[in-house]
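Given next are the chains, with one letter for each unit.
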Amino acid sequence: MKINSRQLFAGLSVALFTSNMTMAQSHQNLNLNNHIMENHPTHYRNIQVNDLNLFYREAGPANAPTILLLHGYPTSSHMFRNLIPILSKKYHVIAPDLPGFGYSDAPDHQQFSYTFDNLAATMQAFVDQLGMKRFAVYIFDYGAPVGLRLAMNNPEKITGIVSQNGNAYEEGLSKEWNPIQKYWKDPSQANRLALKGFVSKEVTLFQYQHGVSDLSLIAPEAYTLDQKFLDRPGNVEIQLDLVKDYRINVALYPKFHEYFRKYQPKVLLVWGNKDPYFLPAGAEAYKKDLPDAKLKFYDTGHFALETNAEEIGAEIFEFMGTLPQ
């Protein structure tokens, strides 16, 4: 079969055109991936919710899958300062300060009911006001009973749960809870006063440092900022109200387990295995109701993000890729 020069030229032109189109498409895909993975600034915002000014951090593409980060005691959204830049390269991240914490309003405990039901109700209003339809939730410490209430009340909104030392089982409660449990059983003024040291600088440092092999990894501004907020006038009473109400969370554990069994949410457990308050057994207990949950222990303490933000961020990235959106 003979191929004349005109046919050869035409064939080469088609091949070149196809090659250029393929290369252009590849560059377009590369640019899209670069856009998705680019760095995004963190925005510091305020919103009025139920007559309260709530502070929150927001970062990442607004149209990307959303992650709600819920902090614990005695910190604020500041605890996520190293995690947010990691996650926001691909995901839309929102991290509020709970009422009584950080830069959110902290009304007097006689004017605002500091219970976990009320914190959850405030976060529900926050989620509704921002129009959050579907999101994964990261729960830690006090953020766990708040976030799990949100999950129970909005199962259709929750794409997945990341629990970082966010306890939901009695097996996870250490002996450090003994003085608090004494107050639960007998909420006398004497037992309340005995817990005032709970908000001291020494206890705050203990929470940050216990179980950490290299203390030079703990940023001093973290516990300094926490203590600044703890030392505000009237804050002791706010925190003691929440300590007293924590017993309701323990009573709710069976309801949390029922939610787990019924809906089988996808769960990632990232746990500091030397946490003085929430033991590794609390992480392992999740597997009773969620056998497919992924569990990863880290050789660190309560505030695992202070020492292992990069590793935890990588686990969350992988986990988010498995979730329905």
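Residues numbered from 1 in each chain as written. Predicted model: local features only at pLDDT ≥ 70, side-chain atom pairs only at ≥ 80, totals over all residues. Heavy atoms only, no water.

Peer 1: Which residues make up the nonpolar core, and what are the values?
Peer 2: Core analysis: the biggest nonpolar cluster contains 64 residues, and Leu68, Phe126, Tyr142, Ile161, Tyr246, Phe260 and Tyr286 have the highest contact counts within it. Element by element, the count of residues in this core is highest for helix H9 (residues 235-263), at 11 residues. Apart from residues no more than four positions distant in its own chain, leucine 68 is found in contact with Ile94, Pro96, Phe126, Val127, Met132, Phe135, Ala136, Val137, Tyr138 and Leu150. Of all hydrophobic cores here, the second largest spans 33 residues; its members include Leu87, Tyr138, Val212 and Ala222. (Core = buried A, V, L, I, M, F, W, Y, C linked by side-chain atoms within 4.5 Å. Buried < 20%, exposed > 50% of the residue type's maximum accessible area, 1.4 Å probe, protein only. Helix = DSSP H or I, 4+ residues; strand = E, 2+ residues; numbered from the N terminus. Contact = heavy atoms within 4.5 Å.)

Peer 1: I'd like to hear about the sheet that holds strand E5 (residues 135-139), residue by residue, with values.
Peer 2: Spatially, the 8 strands line up as an open sheet ordered E1-E2-E4-E3-E5-E6-E7-E8, and their pairing is mixed. Of all strands in the sheet, those with a lone pairing partner are strand E1 (43-49) and strand E8 (294-298), marking the two edges. Neighbouring strand axes in the sheet, compared pairwise and without regard to direction, differ in orientation by 20° on average. The pairing of E5 with strand E6 (residues 158-163) spans 5 bridges and is parallel. When the sheet's bridge partners are listed, alanine 136 is paired in E6 with glycine 160. (Pairing = 2+ DSSP bridges. Axes fitted to C-alpha atoms, helices over the stretch in contact; angles between N-to-C directions.)

Peer 1: Residue-level account of the packing of helix H5 (residues 178-185) against H9, with values.
Peer 2: At a minimum axis distance of 9 Å, the contact between H5 and H9 shows a crossing angle of 85°. The orientation of H5 relative to H9 falls into the category roughly perpendicular. In contact with Ile180, Tyr183 and Trp184 of H5, H9 contributes Leu240, Val243, Lys244, Tyr246, Arg247 and Val250. Looking at the contact of H5 with H9 residue by residue, the classes come out as 7 nonpolar, no polar and 2 charged. (Parallel < 35°, antiparallel > 145°, perpendicular 65-115°, else oblique. Nonpolar A, V, L, I, M, F, W, Y, C, P; charged D, E, K, R; others polar.)

Peer 1: Go over the pairing of strand E3 (residues 66-70), please, and point to the residues and values.
Peer 2: The buried count for E3 comes to 5 of 5 residues, which makes it a mostly enclosed element. Neither face of E3 is exposed, since Thr66, Leu68 and Leu70 on one face and Ile67 and Leu69 on the opposite face are all buried. As judged from the 3 bridges shared by E3 and strand E4 (residues 92-96), these two strands associate in the parallel manner. Within the sheet, the bridge partner assigned to leucine 68 lies in E4 and is isoleucine 94. The sheet contact formed by E3 and E5 spans 4 bridges and is parallel. Within E5, the residue paired with leucine 68 across the bridge is valine 137.

Peer 1: Any chance you could break down helix H11 (residues 304-320) for me, citing the residues and the numbers?
Peer 2: Taking 1.5 Å as the rise per residue, H11 with 17 residues should run 24 Å; its terminal C-alpha atoms sit only 19 Å apart, a clear shortfall. Maximum bend of H11: about 60°, positioned at glutamate 310. Of all 17 residues that make up H11, 13 are buried, and the element is covered over most of its length. (Expected span 1.5 Å × (residues − 1). Bend = angle between axes of the 7 residues up to and from the residue.)

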